[in-house]
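An overview of the molecular structure
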Amino acid sequence: MAAADAPVSALQPRAASCAGRLLDADRVLLASHIDADGLTSAAVAAAALERAGISFEAVFEKQLDADAIAAIAERDYGTVLFTDFGSGQLDIIADHEAAGDFVPVIADHHQPADAGTEYHLNPLLEGIDGASELSGAGASYLLARELAGRPGADERLDNRDLAALAVVGAVGDMQASDGQLHGANRAIVEEGIEAGVLEETKDLAVYGKQTRPLPKLLEYASDVRIPGITNDERGAVSFLEGLDVPCLADDEWKRWVDLTDEEKRTLASALVRHAVSRGVPASKIDRLVGTSYLLTEEAVGTELRDASEFSTLLNATARYERADVGLAVCLGDRGSAFERAKKLLRNHRRNLSEGIEYVENNGVTRTEHLQWFDAGAEIKETIVGIIAGMSMGADGVSRESPIVAFAEKTDEETKVSGRATGPLVSSGLDLSVVMGEAARAVGGDGGGHDIAAGATIPAGTEETFIEHADRIVSEQLS
Ligand SMILES: [Mn+2]
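The residue count restarts for each chain, going from 1 along the sequence in the order it is written. Thresholds applied to this predicted model are a pLDDT of at least 70 for local features of residues and 80 or more for the giving and counting of side-chain atom pairs; totals over whole chains, interfaces and linings are not thresholded and use all residues. Side-chain calculation: all heavy atoms of the structure are included, whereas hydrogens and water are not.

1. Quick look at the overall build of the chain
Secondary structure elements follow DSSP: runs of H or I no shorter than four residues count as helices, runs of E no shorter than two count as strands, and numbering proceeds from the N terminus. Tallying secondary structure elements over the chain gives 18 helices and 15 strands in all. In terms of C-alpha radius of gyration, the chain reaches 23 Å, essentially the compact-globule figure of 23 Å for 478 residues. For the chain, the spread of C-alpha atoms along the principal axes amounts to about 60 × 60 × 40 Å. Residue exposure (1.4 Å probe, protein chains only): buried if accessible area is under 20% of the type maximum, exposed if over 50%, otherwise partly exposed. Across the 478 residues in the chain, those meeting the buried criterion constitute 52%. Contact definition: two residues touch when any of their heavy atoms are within 4.5 Å. Considering only contacts in the chain between residues 6 or more positions apart, those separated by 24 or more positions represent 66%. Each accessible area is a Shrake-Rupley estimate made with a 1.4 Å probe; only the visible protein chains count as cover when residues are assessed. Looking at the chain as shown, the accessible area adds up to about 20,800 Å², and 45% of this sits on carbon and sulfur atoms. In this tally, Asp and Glu contribute negative charge and Lys and Arg positive charge; neither His nor the terminal groups of the chain are included. Note on charges: their place is set at NZ of Lys, CZ of Arg, CG of Asp or CD of Glu. Mean positive and mean negative side-chain charge positions of the chain (43 and 81 charges, respectively) differ by 6 Å. We compute the radius of gyration from the C-alpha atoms alone; for a globule the expected value is 2.2 Å times N to the 0.38, where N is the number of residues.

2. Let's talk about the domain arrangement of the chain
For an interface, size is often stated in terms of accessible area lost upon the parts coming together. Reported domain spans reflect what an automatic or database domain assignment gives. Taken as a whole, the chain is organised into domain 1 (3-200), domain 2 (202-352) and domain 3 (363-477). Each of domain 2 and domain 3 has a C-alpha centre, and the two are 29 Å apart. Counting residues at the interface gives six residues for domain 2 and eight residues for domain 3. Carbon and sulfur atoms supply 66% of the area that domain 2 and domain 3 bury against each other, a total of about 630 Å² over both sides. Ranking the residues of domain 2 by area buried against domain 3 places R225, R319 and L352 at the top, with a combined share of 70%. The term salt bridge refers to a pairing of a side-chain nitrogen on Lys or Arg with a carboxyl oxygen on Asp or Glu at a separation within 4 Å. Put simply, domain 2 and domain 3 have zero salt bridges between them. For this analysis, a polar contact is any N or O atom pair within 3.5 Å, provided that within protein one partner can donate a hydrogen and the other can accept it, and provided that sequence-adjacent residues contribute only side-chain to side-chain pairs. Linking domain 2 with domain 3 are zero residue pairs in polar contact (both at pLDDT 80 or more). Summed over both partners, buried area is the accessible surface (1.4 Å probe) that two parts give up on being assembled.

3. Focus: the coordination of the manganese ion
Taken together, the protein donors to the manganese ion comprise D37 (OD), D84 (OD), H109 (NE2) and D173 (OD), at separations of 2.1 to 2.6 Å. The rule for donors is simple: an N, O or S atom within 2.8 Å of the metal counts, and for Na, K and Ca the reach is 3.2 Å. Water is not among the atoms, so a site may look short of donors. Donor residues binding the manganese ion come from one chain and are separated in sequence as D-x46-D-x24-H-x63-D. Of the two residues, D84 sits in the loop between strand 3 (79-83) and helix 4 (90-98) while D173 sits in the loop between helix 6 (163-172) and helix 7 (183-194), which places them 89 residues apart along the sequence.

4. Considerations on the sheet that holds strand 13 (residues 413-419)
For two strands to be treated as a pair, DSSP must find no fewer than two bridges joining them. A sheet is described by the order of its strands in space; here six strands give the open sequence 10-11-12-13-15-14, paired in mixed fashion. Both edges of this open sheet fall to strand 10 (365-366) and strand 14 (445-448), since each of them pairs with a single strand only. With two bridges connecting them, strand 10 and strand 11 (residues 371-374) associate as antiparallel partners. Directly across from T365, in strand 11, lies its bridge partner W372. Only C-alpha atoms enter the line fits that serve as axes; for helices the fit covers just the stretch in contact. Angles between N-to-C directions range over 0 to 180 degrees. Most of the contacts of helix 18 (residues 462-477) go to strand 12 (residues 403-408), to which it runs at about 160°, and overall it touches strand 11, strand 12, strand 13 and strand 15 (452-458).

5. Brief notes about unusual backbone geometry
Positive phi, normally seen in glycine, also occurs at D84, with a value near 65°. Residues other than glycine seldom take positive phi values, yet D250 does so here, at roughly 50°. Mapped onto the elements of the fold, D250 is located in the loop between strand 7 (248-249) and strand 8 (252-253).

6. Quick look at the nonpolar core
Grouped together as the largest cluster of nonpolar side chains are 89 residues, with contacts concentrated most on L22, L81, L121, L143, V167, F310 and F373. Counting residues per element, this core draws most heavily on helix 2 (residues 36-51), at ten residues. Filtering out sequence-adjacent residues up to four positions away, L143 remains in contact with A15, C18, A19, L22, L81, A107 and L121. Within the second largest apolar cluster, 25 residues are counted, among which are L218, V224, W256 and A270. For our purposes a nonpolar core is just a set of buried Ala, Val, Leu, Ile, Met, Phe, Trp, Tyr and Cys residues, chained together by side-chain atoms within 4.5 Å.

What follows is the structure in structure tokens.
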């Protein structure tokens, strides 16, 4: 057996028992998380249930808290399939199970709570990393593979075609953040390639190769900052004009996908040479090349062709509470839902650029160890964190200290977002601790990751929060 299959075989008995329970159910309520991984998880599960002849209804939740679970229990379904969440909420779910409200089936990859349950598919229960080796959509996919070929299932379909959506979910969950997918994710990629729905290429690791005109592709690529190109429209254009590659067709800029393989290689190596000559360190140069996962059945030059662009499109639908649109696109709607999703993405991009403009115009306040701004109701609380991160390095915003942003959530609550940089984290900064402790000190709560974290605090406690945050950052960086 190939090494890549080992994690999948470890999970197979759990997937089979979950599938068995679903096949015994008359009807199933499918509950999933609202983000790119959650939407693809739901789509994979929905397709597999449909093909297995199991009737179902889908609901989405941003947060699966006690109220949301109680509402699910009231829907009166004997079986509830939770995807991309459920493990962490098992304590509450198990109470409902014990009360006879429903039987839970869980396909998740987040840290499980203490309570146990019978139908539980989660890589962490088999010692497989749920942050980098299997996403929620991957767990759903393993379940879908077990649902195929069971009595009642459509015999022509083995569900391997759903590997494409599973990979979109994994990429959307940042599981390929070091350039490629690993572990169980890797095995899923191989199944997708065998089924003819996926293709992988070693390529320039820059977002937007399907849809962005070349100058924008280079200008907006901010993962590796290249002086004279990143955030520099004129620089990007003159770099392209200096190449022996025809980058224009009918006076329009070509996109990456419009170039021949030879032209792509020429452009990529010129970009690497330019980066080296501008002093970009070798470790970052390596990150300019990565694996792209292509969905071979989608049209070239669309958001759906590349897993990373597809997941961004889904995130745009999720962020504006249009899970229905994202799910429809995953399930094959290339008409009105796809148009709607693209419109949501354009809107999202406009909101981001207006948000950054707001920060540049209004400036940030500096304390000794951090910088902050309060956007009030001017920036939506769901995107204030992204804007805080993107504004680092913009006019008047430093990359030398972490940034904290406030936005109004309700009249009583303020959303807080914190963002840092790799070098700050390397120096000891952990924003999950900063956000959690400072929030609890003012009667709120928070957490997240070292480089990006968030909190919710009572309105009016912002300045006290900053005093606590400033002190904790100074302790971490001393
Ligand atoms: Mn997930």
